[in-house]
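# Structural characterization, general
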Amino acid sequence: MMKNSIAASPIFADGQAQAAAFPYELADEAIYILRETAAQFERPAILFSGGKDSIVIAHLAMRAFAPARPPFPLLHIDTGHNFPETLTFRDRLVAELGFDLIVRTVQDSINRGRVREESGKYASRNALQTVTLLDAIEELKYDACIGGARRDEEKARAKERVFSVRNEFGQWDAQRQRPELFDMYNGRIAPGENVRVFPISNWTELDVWNFIREQHIALPSIYFAHERDVFDRDGLIWADSPFINKTPDEQPYRTVVRFRTVGDMTCTAAVRSDATALDDVITEIRSAEISERGARIDDKRSEAAMEKRKRDGYF
Amino acid sequence: MDILRIATAGSVDDGKSTLIGRLLYDTRSVPKDKLDAIDAASKRRGVDFLDLSLLTDGLIAEREQGITIDVAHVYFSTPTRKYIIADTPGHFEYTRNMVTGASTAEVSVILIDARNGIVEQTARHYAIACMLRIPHVIVCVNKMDLLSYDHARFDNIVAQFRTQFTALKPAAQRLDFLPASSLHGENVTRSSPHMPWYTGPTLLEMLEVAESHQPRHFAARMQVQTVIRPRTDALHDFRGYAGRISSGTFAVGDEILVLPNERRTRITRIQRFGADIERAKAGDSVTILLADDIDISRGSTFCTSDAAPDARRELRARICWLDRTPLENGKTYVLQHGIQRMRAKLAHLESILDVVAQTESANPAALKLNEIGIASLRLAQPVYADVYADVPTNGAFILIDEWSNTTAGVGFVL
Ligand SMILES: Nc1nc2c(ncn2[C@@H]2O[C@H](COP(=O)(O)OP(=O)(O)O)[C@@H](O)[C@H]2O)c(=O)[nH]1
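Everything numeric in this text was worked out from a predicted model, so none of it was measured.

A few words now on the overall build of chain B. Scanning chain B from N- to C-terminus turns up 7 helices and 25 strands. For chain B, the C-alpha radius of gyration of 24 Å lies close to 22 Å, the compact-globule estimate for 414 residues. Taking the principal axes of its C-alpha atoms as reference, chain B extends roughly 70 × 50 × 40 Å. A burial count over chain B gives 61% of its 414 residues as buried. At a minimum sequence separation of 6, the contacts of chain B that also span at least 24 residues come to 68%. Surface accessibility of chain B: about 16,600 Å² in total, with carbon and sulfur atoms responsible for 48%. Taken as two groups, the 47 positive and 50 negative side-chain charges of chain B have centres that lie 3 Å from each other.

Here's what the structure looks like:
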């Protein structure tokens, strides 16, 4: 449902901010952070997943450095299990906004023996991509990786700093986080260390959607209601795909769904929805009963799933 | 829509997490699956009510020890505004996180357990709120239900608070008191039938009208973060100075002073989010174009031409130490003021503050983790800082340890 052009011209007039549902202070803050990242690091990059949060980051970067090009490439860690719609969209966005795109694949990490494919019913490449990411950071010598994570998504993320220093192994140490005072970001690091930067830390899911609406930003079609082959598992709706090992009693059927987050086809559950337009989506989120990450199968593994993955160097 | 930033403080078990959980719950900000999860977790722990504190205690170590270690950020909104709460830890050893969480707050909510009254942490947290010049402090006397909603007890605590801390309170600070029960949701978002003697607003009503913008009279200031030069044929001569306005306003046509050059020039264009605007205010991230070609780079400061900050090569400041390695005389650090960094040497550690007694002792040997004192620093190059009490957004700095690179301290220019 690409109603909007990707390279939407920034629409913003004095006085518009007051009337807006989106608190524009959040965009000022994100732009300030992006500019600090450009200034404090030698080789920063945007971690681009194809999801709405990283799309918003790309658009914020366009606005932060206009009329110049943002000084960041997009790094996509391709699990090989993407929704095809995400990849089509990614390539269109890169072409229209003029970013450099760098792709590293989990398949390549598997081929080189860095990681082993999981097996069984719940097999997913979600955990494997951490290795591919860390290898890419080392290979490309990135000292800062900009991500679209938000503190409202999950409890461990609620404690994350905007500039999150990672050691050589990409690990997050909650007990040793640097104090972050006022808006003075300290990105000084030792060789081998790098920083994850989260410009939209203070945005909620609704803020992201309101920004997308008010700034006329296009999204991959899977965020809107569409017909799809799905099957039921563990009380969630899973997209049918060649990447999932179904049991014989898991029979696919066709129905109308949309996705609230976009990860791998193996770890993103769909929600039943008729929301075909942005306004419908926003209405639905306002009243939603399920939190955003509630539809993430990867988070369901345990109560502390996210914190454990962050310690291992995950986004 | 605007944003109100709140920091919560109080001793362990005073009910911070419960209060925040209550605000989220009553404003319907908790999705059903999260409620189900805490309902299940509450039952596992054998408590017979919805333990709303489970909404914010997120880290594994915190769940194991049942305490809040690090600042957690919590979000909710009403039709009026969006709220960001920094839920800061109550333990003494985590004072640094409390300073961190409170540094951006417009409102500080300090909890007191009605049974315990004012304790050491109350004094500490209020002193920090005053040091940070948080414009609005709300003292929430919690757990009133455990004292049969005793009016006299509340009045006592208020009176004692006012007497004990008069010297501390900045004149501009707004100070409110509120009797509440977070557990039962009384005076949090709904008024309480058990406290008819309290006729003031609920906590949420106070927050809905709290001031979220800095005073308008602050002089205009902006540090340049980066220079934007597209270097394309079409935009060959474009030179924009990108930064976030820290105080006051800038408008097209304004005469400004550029520091350290001390050159006057005029603003020809202002862009925000890539579009042209006429006027920009504190908090806006903008790109400013100037009439004259001046040598400007990262760290240059723009200000109103008739109210510029002085160039300081020495700073006297109140310092709160945040690192395990103490602050000592003669040591050098990297000082970061806004976005500008320079080397700084600790020239003289003048005094150390006993936060609870509010007394200073002269010439301490060092400032250790969580300690607060006054020191003078010598700088390798001039800094254009204001006195923190006059323009807070241009009067604070951090000290970075040169070897570990950690943020080791925060200072407030005196
Ligand atoms: N009776 C009563 N108990 C409360 C109230 N607020 C919090 N509590 C209880 O006090 C304990 C500590 O609360 P918690 O919110 O975890 O405190 P925190 O350490 O300040 O975050 C918990 O058992 C709460 O249920 C209140 O208003 N009344």
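The rest of the description comes next.
This next bit is on the domain arrangement of chain B. Residues and elements named next belong to chain B. Per the domain assignment, the segments of chain B are domain 1 (3-209), domain 2 (221-304) and domain 3 (310-413). Just the C-alpha atoms count here: the centres of domain 2 and domain 3 sit 30 Å apart. Of the residues lining the interface, 10 residues belong to domain 2; the matching set on domain 3 comes to 9 residues. Between domain 2 and domain 3, roughly 860 Å² of surface is buried when both sides are summed, and carbon and sulfur atoms account for 53% of that area. Sorting the residues of domain 2 by area buried against domain 3 places Arg221, Gln223 and Ser246 first, and these three jointly supply 48% of that buried surface. Inspection of the region where domain 2 meets domain 3 yields 1 salt bridge. In this structure, the salt-bridge partner of Asp386 is Arg221, at a minimum N-O distance of 2.8 Å.

Let us look at the site of the ligand. All names here are of chain B. Neighbouring residues of the ligand: 17 residues in total, closest Asp13, Lys16, Ser17, Thr18 and Asp145. Lys143 places a side-chain nitrogen or oxygen 3.1 Å from an oxygen atom of the ligand. In isolation the ligand offers 580 Å² of accessible surface; the protein chains occlude 82% of this area.

It is worth spelling out the pairing of strand E11 (residues 255-259) of chain B at this point. Moving residue by residue along a regular strand, the side chains alternate between the two faces of the sheet. Residue and element names in this part refer to chain B. Taking burial as the measure, the 5 residues of E11 include 4 buried ones, the bulk of the element. Two elements, E11 and strand E12 (residues 263-272), share 4 bridges in a ladder whose sense is antiparallel. Paired with Val258 across the strands is Arg263, a residue of E12. Where E11 meets strand E16 (residues 301-304), 4 bridges bridge the pair, whose relative direction is antiparallel. Bridge assignment links Ile256 to a residue of E16, and that residue is Thr304.

Through backbone hydrogen bonds, the strands of a sheet pair up, either in parallel or in antiparallel fashion. Residues and elements named next belong to chain A. Around the barrel, which closes on itself, the 4 strands sit in the order E7-E8-E10-E9 with antiparallel pairing between neighbours. Taking each pair of neighbouring strands and ignoring which way they run, the sheet shows an average axis angle of 70°. Relative to strand E9 (residues 253-259), strand E7 (residues 226-233) runs antiparallel, the two being bridged by 5 bridges. Looking at the pairing, His226 lines up with Val257 of E9.

This part covers helix H4 (residues 84-97) of chain A. Residue and element names in this part refer to chain A. Compared with an ideal rise of 1.5 Å per residue, which puts 14 residues at 20 Å, H4 spans 20 Å between its outermost C-alpha atoms and is within 8% of the ideal. Of the residues making up H4, those classed as buried are Thr86, Phe89, Arg90, Leu93, Val94 and Leu97. Projected down its long axis, H4 shows its buried positions confined to an angular sector of 135°, all on one face. Of the exposed residues in H4, the ones pointing more than 90 degrees away from its buried face are Pro84 and Ala95. Next to the buried residues of H4 lie helix H3 (52-65), strand E2 (74-78) and strand E3 (101-105). Two residues or fewer past H4, Gly98 is found with a positive phi of approximately 80°.

A few words on the domain arrangement of chain A. Often the size quoted for an interface is simply the accessible area lost on bringing the parts together. Residues and elements named next belong to chain A. Considered domain by domain, chain A is made up of domain 1 (22-217 + 304-311) and domain 2 (221-298). Between the C-alpha centres of domain 1 and domain 2 there is a distance of 23 Å. The interface is formed by 30 residues belonging to domain 1 together with 30 residues belonging to domain 2. On the domain 1 side of the contact with domain 2, Phe83, Lys121 and Trp209 bury the most area, a combined 28% of that side's loss. Seen at the junction of domain 1 and domain 2, the total is 3 salt bridges. Across the pair Arg228 and Glu85 runs a salt bridge, and its minimum N-O distance is 3.0 Å. Linking domain 1 with domain 2 are 9 residue pairs in polar contact (both at pLDDT 80 or more), by the criterion used here. Taken together, the elements giving at least two residues each to the side of domain 1 that touches domain 2 come down to H4, helix H7 (205-214) and helix H9 (305-311). The element that contributes the greatest number of residues to the side of domain 1 that touches domain 2 is H7, accounting for 6 residues.

To continue, consider unusual backbone geometry. Pro67 of chain A follows Ala66 of chain A through a cis peptide bond whose omega is 0°. In this fold, Pro67 of chain A is placed in the loop between H3 and E2. That bond from Leu259 of chain B to Pro260 of chain B is cis: its omega, 5°, falls within 30 degrees of zero. Here Pro260 of chain B lies in the loop between E11 and E12. Even without being glycine, Gln358 of chain B reaches a positive phi, approximately 60°. When you line up the elements, Gln358 of chain B lands in the loop between strand E20 (340-354) and strand E21 (359-362). Judged by relative accessible area, Gln358 of chain B falls into the partly exposed class, the value being 32%.

Turning to the packing of H3 of chain A against H4 of chain A, a few remarks are in order. Residue and element names in this part refer to chain A. The N-to-C vectors of H3 and H4 enclose an angle of 0°; their axes lie 12 Å apart at closest approach. With respect to H4, the element H3 is oriented roughly parallel. Every residue of H4 that contacts H3 at Ile55, Ala58, His59 and Met62 is listed here: Phe89, Leu93 and Leu97. Its residues assigned to classes, the contact of H3 with H4 comprises 6 nonpolar, 1 polar and no charged.

A few words now on the interface of chain B and chain A. Contacts between the two partners involve 77 residues from chain B, matched on the other side by 65 residues from chain A. Around 5,800 Å² of area is buried between chain B and chain A when both sides are counted, 53% of it from carbon and sulfur atoms. Linking chain B to chain A there are 5 salt bridges. Our enumeration of links across chain B and chain A arrives at 22 residue pairs in polar contact (both at pLDDT 80 or more).

Calculation criteria
Along each chain, the written sequence defines residue order, and numbers are assigned to residues from 1. Labels are handed out in written order, letters beginning with A for the chains and numbers beginning with 1 for the ligands. Reporting of local features is limited, given that this is a predicted model, to residues whose pLDDT is at least 70; pairs of side-chain atoms are given and counted only at 80 or more, and all residues count toward the totals for whole chains, interfaces and linings. Computation of side-chain values: all heavy atoms of the structure, hydrogens and water removed. Helical segments are the DSSP runs of H or I of at least four residues, strand segments are the runs of E of at least two, and each set is numbered from the N terminus. Atoms counted for the radius of gyration: C-alpha only. Globule rule: 2.2 Å times residue count to the power 0.38. Exposure categories follow from relative accessible area, calculated using a 1.4 Å probe and restricted to protein chains: below 20% of the type maximum is buried, above 50% is exposed, and the middle band is partly exposed. The contact criterion used is simple: two residues touch if any of their non-hydrogen atoms lie within 4.5 Å. Surface accessibility in these figures is a Shrake-Rupley result with a 1.4 Å probe; residues are shielded only by whichever protein chains are displayed. Counted as positive: Lys and Arg. Counted as negative: Asp and Glu. His and the chain ends are not counted at all. Just so you know, the charge point we use is NZ for Lys, CZ for Arg, CG for Asp and CD for Glu. Reported domain spans reflect what an automatic or database domain assignment gives. Buried area is a sum: the accessible area each of two parts loses on coming together, probed at 1.4 Å, counted once for each and added. Here a salt bridge means any side-chain nitrogen of Lys or Arg lying within 4 Å of a carboxyl oxygen belonging to Asp or Glu. We define proximity as follows: a residue is near a molecule or strand when any one of its heavy atoms falls within 4 Å of that partner. Two N or O atoms form a polar contact when they lie within 3.5 Å of each other; inside protein one atom must be a possible hydrogen donor and the other a possible acceptor, and for residues adjacent in sequence the pair counts only when both atoms belong to side chains. A pair of strands counts as paired when DSSP detects no fewer than two bridges linking them. To define axes, lines are fitted to C-alpha atoms, for helices over the stretch in contact only, and angles between the resulting N-to-C directions are given on a 0 to 180 degree scale. Every helix has an expected span of 1.5 Å times one less than the residues it contains. Arc definition: it is the arc formed by the directions from the helix axis to the C-beta atoms. For classification purposes, angles smaller than 35 degrees are called roughly parallel, those larger than 145 roughly antiparallel, those between 65 and 115 roughly perpendicular, and all remaining angles oblique. Here the term charged refers only to Asp, Glu, Lys and Arg, the term nonpolar to Ala, Val, Leu, Ile, Met, Phe, Trp, Tyr, Cys and Pro, and the term polar to all other amino acids, Gly among them.

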